[in-house]
Amino acid sequence: MTTFVLVPGSCHGAWCFEPLARRLRQHGHEAYPITLTGVGARKHLLNASVNLDTHVEDVVNLLEDEQITDAVLVGHSYAGMVITGAADRVPERVEGLVYIDAFVPGDGDSCWTLASAGTREWLLSDVGTNGYTTPPLPFFDPRATPHPLASLLQSIRLRGGLGRFRRKEYVYATLSEGESPFKATYEQVLDDPSWQVHALVSKHNVMRDAPDELLKILLATDV
């Protein structure tokens, strides 16, 4: 049995992973889709102080509260930042990492520094009436909510490398509109033999557009 912690990208809540979580449970695994502070069902907690550290703590607190010691952290898009930070904080609770069309940061990186010019334009295109949020993109699910801007701008601070973890998987979506903001990350891990890399014929929302293929990849982490 594997324990999966499923972390959504910007503007999304646990709902985007719930169908996948149900299928993982049907295969006998534990699955915890999480909603990060200030987003989705927790949007009432949104304020200017919610940042990347807040979201890392969301995941760390779940691991500690549930006494999980064998987690496979699964992060979509922005959540690559989050699962990297959480794994670095409590490596003894993490067995593996799966990045779904996501950033894989090094120490000092942020979404802002890793993003393409087009993505940066979106991040600052409309900070809302409060001045500290980024709006959902037009093609996002109607349930998507504004995302705390500070979490996308804050640099991550890491104490160790990803080589500490048993297994690292990268899932790249090949059907990006224009050049994918994750292309550079994909090419970097593709050349690293310590990674298992998968290119799926899917748009960015892999959980929705290629659920069967993604399920197979996650189940293969149970080795």
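Keep in mind that this is a model prediction, so the values were computed, not measured.

Caption draft 1: The pattern of salt bridges, seen in detail. Tallied over the entire structure, the rule returns nine salt bridges. Here Arg23 and Asp212 are joined by a salt bridge, their closest N and O atoms 2.8 Å apart. One end of the pair, Arg23, is in helix H1 (residues 18–26); the other, Asp212, is in helix H9 (residues 211–219), and 189 residues separate them in sequence. For Arg23, a relative accessible area of 29% corresponds to the partly exposed category. A relative accessible area of 42% means that Asp212 is categorised as partly exposed.

Caption draft 2: Structural detail: the sheet that holds strand E3 (residues 71–76). Read from one edge to the other, the open sheet built from six strands follows the order E2-E1-E3-E4-E7-E8, with strand pairing classed as parallel. Each end of this open sheet is capped by a strand with a single partner; those strands are strand E2 (30–33) and strand E8 (196–200). Averaged over all adjacent pairs, the angle separating strand axes in this sheet is 15 degrees, with direction ignored. Bridge count for E3 against strand E4 (residues 94–100) is six bridges, and the pairing is parallel. For Gly75, the partnering residue across the bridge sits in E4 and is Tyr99. Seen against the sheet, H1 touches strand E1 (3–7) and E2 and runs at an angle of roughly 170 degrees to E2. Along the sheet face, H9 touches E1, E3, E4, strand E7 (167–173) and E8 and points at about 170 degrees away from the line of E8.

Caption draft 3: Summary view of the pairing of E7. Across the seven residues of E7, seven count as buried, placing the element largely inside the fold. Burial of the side chains of E7 extends over both faces: Arg167, Glu169, Val171 and Ala173 are buried on one face and Lys168, Tyr170 and Tyr172 on the other. Of the strand pairs in this sheet, E7 and E8 are connected by five bridges, and their pairing is parallel. Along E8, the bridge assignment pairs Glu169 with Gln196.

Caption draft 4: Fine view of the environment of Ser10. Following the sequence through the fold, Ser10 ends up in the loop between E1 and H1. When the C-alpha atoms of Ser10 and Ala144 are compared, they prove to be 8.5 Å apart, with 134 residues separating the residues in sequence.

Caption draft 5: The arrangement of the packing of aromatic side chains in detail. The full count for this structure, using the stated rule, is four aromatic pairs. A ring pair is formed by Phe139 and Phe140, whose centres lie 5.2 Å apart and whose planes are at 90 degrees; its orientation type is edge-to-face. Overall, Phe139 belongs to the exposed group, its relative accessible area being 54%. Taking the relative accessible area as the measure of exposure, Phe140 reaches 16% and is therefore buried. When the ring of Tyr172 is compared with that of Tyr186, the centres are 4.0 Å apart and the planes differ by 5 degrees; the resulting orientation is stacked. Placement of Tyr172 in strand E7 and of Tyr186 in helix H7 (residues 183–190) is noted, with a sequence separation of 14 residues between them.

Caption draft 6: Main features of the pairing of E3. Extensive coverage of E3 is indicated by the burial of six of its six residues. Of the two faces of E3, the one carrying Ala71, Leu73 and Gly75 and the one carrying Val72, Val74 and His76 are both buried. Here five bridges tie E1 to E3, and the two strands are oriented parallel to one another. The residue bridging Leu6 from the neighbouring strand is Val74, located in E3. Following the backbone out of E3, through helix H3 (residues 79–89) and into the adjacent parallel E4, one traces a crossover that is right-handed.

Thresholds applied
- Residues numbered from 1 in each chain as written.
- Predicted model: local features only at pLDDT ≥ 70, side-chain atom pairs only at ≥ 80, totals over all residues.
- Heavy atoms only, no water.
- Salt bridge = Lys/Arg side-chain N within 4 Å of Asp/Glu carboxyl O.
- Helix = DSSP H or I, 4+ residues; strand = E, 2+ residues; numbered from the N terminus.
- Buried < 20%, exposed > 50% of the residue type's maximum accessible area, 1.4 Å probe, protein only.
- Pairing = 2+ DSSP bridges.
- Axes fitted to C-alpha atoms, helices over the stretch in contact; angles between N-to-C directions.
- Contact = heavy atoms within 4.5 Å.
- Phe/Tyr/Trp six-rings, centres within 6.5 Å; stacked < 30°, edge-to-face > 60°.
- Right-handed = clockwise from strand over helix to strand, strands pointing away.

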